[in-house]
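Here is how the chains run, residue by residue.
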Amino acid sequence: MSTDATARSLAGFTAAGYDKGRGVVVQIAWLAVAGVIAQWWCPNRLRLAILRAFGANISAGVLIRHRVRIHWPWKLTVGADSWIGEDAWILNLEPVTIGANVCVSQGVLLCTGSHDRRSRTFEFDNAPIVVRDGAWIGARATVLRGVVVGERATVGATALVTSDVAVDATVLAPRAVAV
């Protein structure tokens, strides 16, 4: 074990400044319900009704497939006619806003949470994510905190997005090099 005074001390983590957005009873209720709707098939209409009951702002025509994990529904906004594919994970410690006619493909991770690597106690360094109208996030792509994906932009399958994506731009995953 390090004796350096600047070494990381996770025991001191406080989550200072992080607001879950709802009280403990609502959080527990959501986690119980989320386990059921994420693991078992249920009609899209019922899934959307449950998410809305927990505070999600979901427009008409949205399709959220089964096995989609949503951390806090009250921090989620989805525009009209958007799709979220199976096994997507919306880790929204902060708000995630998905525009209209957006396709979030299978296995995508939208992650608003991180930690400050310079913090001795590894405190949160979170920021919202915005995916603008008409964008497409390809299968198994990851979009990290603070990113805005521009209108009609395409994020290719397995890409890692750490900074904003311009309107109509395409982000591709790096190609593997054969050795």
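Look a little higher up for the structure.
Procedures and definitions
- Residues numbered from 1 in each chain as written.
- Predicted model: local features only at pLDDT ≥ 70, side-chain atom pairs only at ≥ 80, totals over all residues.
- Heavy atoms only, no water.
- Core = buried A, V, L, I, M, F, W, Y, C linked by side-chain atoms within 4.5 Å.
- Buried < 20%, exposed > 50% of the residue type's maximum accessible area, 1.4 Å probe, protein only.
- Helix = DSSP H or I, 4+ residues; strand = E, 2+ residues; numbered from the N terminus.
- Contact = heavy atoms within 4.5 Å.
- Salt bridge = Lys/Arg side-chain N within 4 Å of Asp/Glu carboxyl O.
- Pairing = 2+ DSSP bridges.
- Arc of directions from axis to C-beta.
- 1 Å grid on protein atoms, 1.4 Å probe; cavity = no way out; pocket = protein on both sides within 12 Å on 5 of 7 lines; lining within 4 Å.
- Points joined across faces, edges and corners; volume = space filled by probe spheres on them.

**Description of the nonpolar core**
Link 1 in the chain: Counting 42 residues, the largest nonpolar core has W30, I84, I98, I137 and V149 as its most contacted members.
Link 2 in the chain: Broken down by secondary-structure element, the contributors of at least two residues to this core are α1 (24-39), α2 (44-53), β4 (76-78), β7 (96-98) and β10 (129-131).
Link 3 in the chain: The contacts of I84, once residues within four sequence positions are left out, are L63, I64, R65, V68, V78, I90, I98 and V104.

**Side note on the side chain of N92**
Link 1 in the chain: Locating N92 in the fold gives a position in the loop between β6 (89-91) and β7.
Link 2 in the chain: Take N92: its relative accessible area is 0%, and that puts it in the buried class.
Link 3 in the chain: Beyond its immediate sequence surroundings of up to four residues, N92 is in contact with I70, H71, W72, K75, L76 and T112.

**A closer look at the pattern of salt bridges**
Link 1 in the chain: Within the structure shown, the criterion is met by six salt bridges.
Link 2 in the chain: E86 serves as the salt-bridge partner of R65, at 2.8 Å between the closest nitrogen and oxygen. Linking R65 in the loop between β2 (63-64) and β3 (69-70) with E86 in the loop between β5 (83-84) and β6, this pair joins segments that are 21 residues apart in sequence.
Link 3 in the chain: Assessed through its relative accessible area of 16%, E86 is described here as buried.
Link 4 in the chain: Between D125 and R145 there is a salt bridge whose closest N-O contact spans 2.9 Å. Taken together, the residues D125 in the loop between β9 (109-111) and β10 and R145 in the loop between β12 (142-144) and β13 (148-149) connect sequence positions 20 residues apart.
Link 5 in the chain: Relative accessible area serves as the criterion here: at 28%, R145 is assigned to the partly exposed category.
Link 6 in the chain: One salt-bridge network, in which partners are shared between bridges, spans E151, R152 and D168.

**Thoughts on the sheet that holds β12**
What links the strands of a sheet is backbone hydrogen bonding, and the strands pair in either a parallel or an antiparallel sense.
Link 1 in the chain: With respect to topology, five strands assemble into an open sheet ordered β3-β6-β9-β12-β15, the strand pairing being parallel. Among the strands making up the open sheet, the edge pair consists of β3 and β15 (160-161).
Link 2 in the chain: Summarising the sheet, β12 and β15 pair through two bridges and their orientation is parallel. Paired with T142 across the two strands is L160, which belongs to β15.

**Some points on α2**
Three or four residues apart is the spacing at which side chains of an α-helix point the same way, because the helix has 3.6 residues per turn.
Link 1 in the chain: Those residues of α2 lying buried are R47, L48, I50 and L51. Down the axis, α2 shows its buried residues gathered within 160 degrees of arc, on one side only. The exposed set on the far side of α2, more than 90 degrees from its buried face, consists of R45 and A53.
Link 2 in the chain: Phi turns positive one or two residues past the end of α2, at G55, with a value near 105 degrees.

**Section: empty space enclosed by the protein**
The gaps left among the atoms become clear once a water-sized probe is rolled over them.
Link 1 in the chain: This model, assessed by the stated rule, comprises one cavity of 30 Å³ or more.
Link 2 in the chain: Taken as a whole, the largest cavity holds about 50 Å³ of empty space.
Link 3 in the chain: What lines the largest cavity is a set of 10 residues, among which W30, I37, L51, V68 and I70 lie closest to the centre.
Link 4 in the chain: Counting only elements with at least two residues in the lining of the largest cavity, the list comes to α1, α2 and β3.
Link 5 in the chain: When residues in the lining of the largest cavity are grouped by element, the largest group, four residues, is from α1.

Limitation: the analysis is restricted to geometry and does not speak to function.
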